[in-house]
Amino acid sequence: MTIVFSKYDPNLTYAGQKKFDCGNAAINKFAHDSLKSQVRKGVCVAYVLLPKQIPCTRLIMLGVDNQYKGRNLGKQLMKEAFKATKLAAQAVGSFGMYLDADAEAVGFYEALGFSLLEGNKSPNPSPMFLPMSGVP
Ligand SMILES: CC(C)(COP(=O)(O)OP(=O)(O)OC[C@H]1O[C@@H](n2cnc3c(N)ncnc32)[C@H](O)[C@@H]1OP(=O)(O)O)[C@@H](O)C(=O)NCCC(=O)NCCS
């Protein structure tokens, strides 16, 4: 399996983190209980090895016709996408949902819990991710 070296992102859910066992109880406990909060607080950085291909659901395109915008239809469509993502995760496993958000839609996805992976690339599409733990 090809693996890549990656900076630990406290906004992601890492499958296996809670079961991590290197044989050292103190390090195991840190990885299980404290790593996420310590990185989030900015008091440490961490690096992980990940499979090069991470299974996730990718949302390619979403659009609501102009005359129906602002009626919660986009949100409803996303609820269906969340359902499909959960089913896929149960069947084959998934880290979460990935999409490339158009500049005007970044706020829409942020309100649904997605995070920008590389900052806002506006006017270009911005990669965004929602870990399975955030899929309602
Ligand atoms: C983005 C899009 C799908 C949203 O659909 P919509 O039906 O108008 O959105 P909704 O009415 O479901 O809005 C749901 C919530 O998101 C908010 N919202 C909608 N569009 C938003 C935007 N562009 N930025 C920030 N918030 C937005 C709404 O205010 C609403 O908030 P609330 O739940 O607090 O009331 C629609 O505007 C669209 O088709 N845009 C053009 C195509 C596009 O950019 N698609 C995304 C490509 S990745």
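Computed from a predicted structure; not experimentally measured.

Draft legend 1. Molecular detail of the nonpolar core. Counting 12 residues, the largest nonpolar core consists of Leu12, Cys56, Leu59, Phe95, Met97, Leu99, Ala101, Tyr109, Phe114, Met128, Phe129 and Leu130. Sorting the residues of this core by element identifies strand E4 (96-101) and strand E6 (126-131) as the ones contributing at least two each. Apart from the residues within four sequence positions on either side, Leu99 is in contact with Arg58, Leu59, Tyr109 and Met128.

Draft legend 2. Structural context of helix H2 (residues 73-92). When the terminal C-alpha atoms of H2 are compared, their 28 Å separation across 20 residues agrees well with the 28 Å that a helix rising 1.5 Å per residue should span. At the C-terminal side of H2, Gly93 shows a positive phi close to 85°.

Draft legend 3. View of the site of the ligand. What surrounds the ligand is a group of 18 residues, the closest being Lys69, Gly74, Lys75, Gly107 and Phe108. Of all the elements in the fold, those that place two or more residues in the shell around the ligand are H2, E4 and helix H3 (106-111). In terms of residue class, the shell around the ligand is built from 8 nonpolar, 5 polar and 5 charged.

Draft legend 4. Molecular detail of helix H1 (residues 25-41). Given a rise of 1.5 Å per residue, 17 residues ought to cover 24 Å, and the 23 Å separating the end C-alpha atoms of H1 matches this to within 8%. Ser34 marks where H1 bends most, by close to 65°. Among the residues trailing H1, Gly42 stands out with phi positive, at a value near 85°.

Draft legend 5. Here's a closer look at the environment of Asp65. With respect to the helices and strands, the residue Asp65 is situated in the loop between strand E3 (57-59) and H2. Each C-alpha atom, one on Asp65 and one on Ala31, is 46 Å from the other, the two residues being 34 residues apart in sequence.

Draft legend 6. Representation of the pairing of E6. Here E4 runs beside E6; their pairing, made up of 6 bridges, is antiparallel. Bridge pairing in E6 links Met97 to Leu130. Relative to E6, strand E5 (residues 115-116) is paired through 2 bridges, and the arrangement is antiparallel. Across the sheet, the residue bridging to Ser115 is Phe129, located in E6.

Draft legend 7. Expanded view of the domain arrangement of the chain. Partitioning the chain into structural domains gives domain 1 (3-51) and domain 2 (57-134). Counting residues at the interface gives 4 residues for domain 1, matched by 6 residues for domain 2. Grouping the constituent residues of the side of domain 1 that touches domain 2 by class yields 2 nonpolar, 2 polar and no charged.

Draft legend 8. The arrangement of the sheet that holds E6 in detail. Spatially, E3-E4-E6-E5 is the arrangement adopted by the 4 strands of the open sheet, whose pairing is mixed. Each having just a single partner strand, E3 and E5 make up the two edges of the open sheet.

Draft legend 9. Local environment of the confidence of the model for the chain. Per-residue confidence for the chain gives a mean pLDDT of 90; residues scoring 70 or more make up 98%. In the model of the chain, strand E1 (residues 3-7) stands out as the element of lowest mean pLDDT, 78, in contrast to H3, which has the highest, 97.

Draft legend 10. Expanded view of unusual backbone geometry. That bond from Ser122 to Pro123 is cis: its omega, 10°, falls within 30 degrees of zero. Tracing the chain through its elements places Pro123 in the loop between E5 and E6. One non-glycine residue, Asn72, lies in positive phi territory at about 70°. Structurally, the position occupied by Asn72 is in the loop between E3 and H2.

Procedures and definitions
Residues numbered from 1 in each chain as written. Predicted model: local features only at pLDDT ≥ 70, side-chain atom pairs only at ≥ 80, totals over all residues. Core = buried A, V, L, I, M, F, W, Y, C linked by C-beta atoms within 7 Å. Buried ≥ 20, exposed ≤ 12 C-beta atoms within 10 Å, placed from the backbone. Helix = DSSP H or I, 4+ residues; strand = E, 2+ residues; numbered from the N terminus. Contact = placed C-beta atoms within 7 Å. Expected span 1.5 Å × (residues − 1). Near = placed C-beta within 6 Å. Nonpolar A, V, L, I, M, F, W, Y, C, P; charged D, E, K, R; others polar. Bend = angle between axes of the 7 residues up to and from the residue. Pairing = 2+ DSSP bridges. Domains from an automatic or database assignment. pLDDT = per-residue confidence, 0-100.

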